[in-house]
Amino acid sequence: NLKERPAYGETVIDLGAAPGGWSYSSSKEGAKVFAIDNGPLKDGAANNDSILHIQEDGFTITPAKLGGITIDWFLCDMIENPERVLKLLLKWIDNKWCNKFVINLKFGHHQPEKIISLIDESRLRDKTSYMKILHLFHDRQEFTIFGKIQ
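Below: a short report on this structure.

About the criteria used
- Residues numbered from 1 in each chain as written.
- Predicted model: local features only at pLDDT ≥ 70, side-chain atom pairs only at ≥ 80, totals over all residues.
- Heavy atoms only, no water.
- Helix = DSSP H or I, 4+ residues; strand = E, 2+ residues; numbered from the N terminus.
- Buried < 20%, exposed > 50% of the residue type's maximum accessible area, 1.4 Å probe, protein only.
- Polar contact = N/O pair within 3.5 Å; in protein donor to acceptor, adjacent residues only side chain to side chain.
- Contact = heavy atoms within 4.5 Å.
- Core = buried A, V, L, I, M, F, W, Y, C linked by side-chain atoms within 4.5 Å.
- Pairing = 2+ DSSP bridges.
- Right-handed = clockwise from strand over helix to strand, strands pointing away.
- Axes fitted to C-alpha atoms, helices over the stretch in contact; angles between N-to-C directions.

This part covers the side chain of T128. Relative to the helices and strands, T128 is located in strand β6 (residues 128-134). Note on T128: relative accessible area 7%, which makes it buried. Polar side-chain contacts of T128 include one of 3.1 Å to the backbone oxygen of R125. Apart from residues lying up to four places away in sequence, T128 is in contact with F101, K148, I149 and Q150.

Written out as structure tokens, the structure is:
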């Protein structure tokens, strides 16, 4: 794993946040969370003072739309084409909008090997000081990628 997690005083953007598990987990560590999703937050994430729920498309949100704040953590677990999610992450990295990331790339309709090729072709490793790809045993249909920007 990344051996790091959102911490007290850090800022997190969680794209595809609903129902809010990653947002809630980050808020419990003391992070300020921007939960971006058109769907509702539930349980501990709903009505949480540390979580600002913004009903907007995760592909259009930028730090400028949030007042130009610094984002420490970019979290993304959208049910979306993995190539599109990877391009979104690269946009955030190239614009220096975040310092660390955790994303899930769903490959339900894609071959896992193709997703690994997309990651390699994107040169994501070259943009990070640390990166790890996990295929978690409890979810055989996605890769989780952790990274720290150089």
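Now that the structure has been shown, we can carry on.
With that settled, the discussion passes to the nonpolar core. Ranked by internal contacts, the top residues of the largest apolar core, which has 32 residues, are I13, L15, F74, F101, I103 and L124. If one sorts the elements of this core by residue count, helix α2 (residues 82-94) sits on top with seven residues. Contacts of I103, omitting those with residues within four sequence positions, involve F74, C76, V85, L89, F143, T144 and I145. Core analysis: the next-biggest nonpolar cluster, separate from the first, contains twelve residues, A31, V33, A45 and L75 among them.

On to the pairing of strand β1 (residues 11-15). Here β1 lies mainly inside the structure; five of its five residues are buried. As judged from the five bridges shared by β1 and strand β2 (residues 32-36), these two strands associate in the parallel manner. Directly across from D14, in β2, lies its bridge partner A35. Taken together, β1, helix α1 (residues 21-28) and β2 form a β-α-β motif whose crossover is right-handed.

Moving on to the sheet that holds strand β7 (residues 142-149). To summarise the sheet geometry, strands pair through backbone hydrogen bonds and adopt either a parallel or an antiparallel arrangement. With mixed pairing, seven strands are arranged side by side in an open sheet as β3-β2-β1-β4-β5-β7-β6. Both edges of this open sheet fall to β3 (51-54) and β6, since each of them pairs with a single strand only. Strand-to-strand, the axes of this sheet are offset by a mean angle of 15 degrees, without reference to chain direction. In the sheet, strand β4 (residues 71-76) pairs with strand β5 (residues 98-106) via five bridges, with the strands oriented parallel. Looking across to β5, one finds that W73 is bridged to K100. The strands that α2 touches are β1, β4, β5 and β7; relative to β5, the one it contacts most, it runs at about 175 degrees.

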